[in-house]
Amino acid sequence: MRHNPVLSQEVLEYLVLSPGAVVLDGTLGSGGHAEAILGKIGPSGRLIGFDQDPGAIARCQALFRGDPRVTLVHENFRNLERVFPELKVAAFDAVLLDIGTSSEQLADGKRGFSFQTEGELDMRMNPEVGLKASELLAQMSEVELADLFYHYGEERNSRRFARVIVERRRQQPIRTVEDLNQTLEQALPAHMRFKKGQRPSWARRHPATKVFQALRIAVNDELEALKEGMTAAFDHLTKAGRLGVISFHSIEDRIVKQQFRKWDDEERGNLIFRKPVVANRSEISSNPRARSAKLRVIGKIS
């Protein structure tokens, strides 16, 4: 399944890309935004693309093979400050961070990102680094799990889910998506449970949704990565350069909003708009993933 980049036209409009621009795409995915950006910066532009997922780098190597404008970097964008000297650029005219999980990651059962795709509970964006989600579930205490689900998933049933997970793992490890789904279902009253194969609607959220979100955030340390990556990206913008961030849930969006407003208050940056840009009905209809996407953009003053 090819990843369909969200808010692509809005990204091109608000990053104000011009021929010859130097642009950082900090979250390449399958290269959808990068392709659109290359169309704007022309033959004299340069695109540097980061991604911590080796699968994303491999897809983009095939997509951009032979294009001298493109430099691919297998790194988490949070490490931009460390690797910046190796990029051999003075600064970026624009930076885009799309803080979401790609369609390819969600569809790959071996990765364990989606509660709708059976497979191992891994959830690591870089499969070579860190603990798997199943290992976190095995190691964290009931209190730690409840806090994790509440703070990173905003899950109201966090204590109930944590208690049932601890009870289940005493009997057998929770290693797969199906293991976790079954465990969470058992924590709910019968009328709230989903039948096997039943898909959630927008009006009714599957009980695993927020738990999977919280686990993915914890496994990949996503919130700290976002803070570090945004700061490094902003510091390496040209004067009047722009930083755009697309987020998909309220926790990330809150971090972006607060940091952007801080730079605006300090007169280091200028908010391009106060409220986030969201997808129109047409895009949501063709790409339901866009429903929760929010784009915020800030321009650098000094």
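Here, every reference points to the structure presented above.
Residues numbered from 1 in each chain as written. Predicted model: local features only at pLDDT ≥ 70, side-chain atom pairs only at ≥ 80, totals over all residues. Heavy atoms only, no water.

Novice: Give a description of the overall build of the protein that names residues and reports values.
Specialist: When helices and strands are counted, the protein shows 13 helices and 8 strands. Its C-alpha atoms give the protein principal-axis dimensions of about 60 × 45 × 40 Å. Put simply, the protein has 302 residues, and 55% of those count as buried. For the protein, the share of sequence-separated contacts (at least 6 apart) that also reach a separation of at least 24 residues comes to 68%. (Helix = DSSP H or I, 4+ residues; strand = E, 2+ residues; numbered from the N terminus. Buried < 20%, exposed > 50% of the residue type's maximum accessible area, 1.4 Å probe, protein only. Contact = heavy atoms within 4.5 Å.)

Novice: Requested: an account of helix 4 (residues 80–87), with residues and values cited.
Specialist: Among the residues of helix 4, those classed as buried are L80, V83, F84 and L87. For helix 4, the buried positions fall inside an angular range of 135 degrees around the axis, keeping them on one side. Facing away from the buried side of helix 4, by more than 90 degrees, are the exposed residues R82, P85 and E86. Residues of helix 4 that are buried make contact with strand 1 (22–25), strand 2 (46–51), strand 3 (70–74), strand 4 (92–98) and helix 11 (222–235). (Arc of directions from axis to C-beta.)

Novice: Explain the pairing of strand 3 residue by residue, including any values.
Specialist: Sheet analysis places strand 2 next to strand 3, joined by 5 bridges and oriented parallel. From the neighbouring strand, F50 faces strand 3, where its bridge partner is V73. This β-α-β element, strand 2 to helix 3 (residues 54–63) to strand 3, shows right-handed connectivity. (Pairing = 2+ DSSP bridges. Right-handed = clockwise from strand over helix to strand, strands pointing away.)

Novice: Tell me what's going on with the packing of helix 7 (residues 142–153) against helix 10 (residues 209–220), and back it up with residues and numbers.
Specialist: For the pair helix 7 and helix 10, the least separation of the axes is 8 Å and the interaxial angle reads 95 degrees. As summarised for this structure, helix 7 and helix 10 are arranged roughly perpendicular, according to the angle between their axes. Facing L148, F149, Y152 and G153 of helix 7, the residues of helix 10 in contact are K210, V211, Q213, A214, L215, I217 and A218. (Axes fitted to C-alpha atoms, helices over the stretch in contact; angles between N-to-C directions. Parallel < 35°, antiparallel > 145°, perpendicular 65-115°, else oblique.)

Novice: Kindly report on helix 2 (residues 32–41), identifying the contributing residues and their values.
Specialist: Along an α-helix, residues three or four positions apart point the same way, because every turn accommodates 3.6 residues. Within helix 2, 7 of the 10 residues are buried, which leaves it mostly tucked inside the rest of the structure. Among all positions in helix 2, only G32, H33, A34, A36, I37, L38 and I41 are buried. As for helix 2, its buried residues are in contact with helix 1 (8–14), strand 1, strand 2, strand 3, strand 4 and strand 5 (237–247).

Novice: Talk me through the packing of aromatic side chains; I want residue IDs and the actual numbers.
Specialist: The description of an aromatic ring pair rests on the distance of the ring centres and on the angle between the ring planes. If you walk through the whole model with that rule in mind, you get 5 aromatic pairs. Ring geometry for F84 against F92: centres 5.7 Å apart, planes inclined by 80 degrees, an arrangement best described as edge-to-face. For the pair F84 and F92, a shared accessibility class is recorded, and that class is buried. Ring geometry for F234 against W263: centres 4.0 Å apart, planes inclined by 10 degrees, an arrangement best described as stacked. With F234 in helix 11 and W263 in helix 12 (residues 250–265), this residue pair connects regions lying 29 residues apart in the sequence. Each member of the pair, F234 as well as W263, is classed as buried. Looking at K300, its charged tip hangs above the ring of F234, at a distance of 5.6 Å from the centre. (Phe/Tyr/Trp six-rings, centres within 6.5 Å; stacked < 30°, edge-to-face > 60°. Lys NZ or Arg CZ within 6 Å of the ring centre and 35° of its normal.)

Novice: Kindly report on unusual backbone geometry, identifying the contributing residues and their values.
Specialist: Most of the time, phi is negative for any residue but glycine, and the peptide bond is trans. Phi angles above zero are rare outside glycine, and V16 is one such case at about 50 degrees. Notably, A240 is not glycine yet its phi reads approximately 75 degrees, a positive angle. Structurally, A240 is set in strand 5. For A240, a relative accessible area of 57% gives the class exposed.

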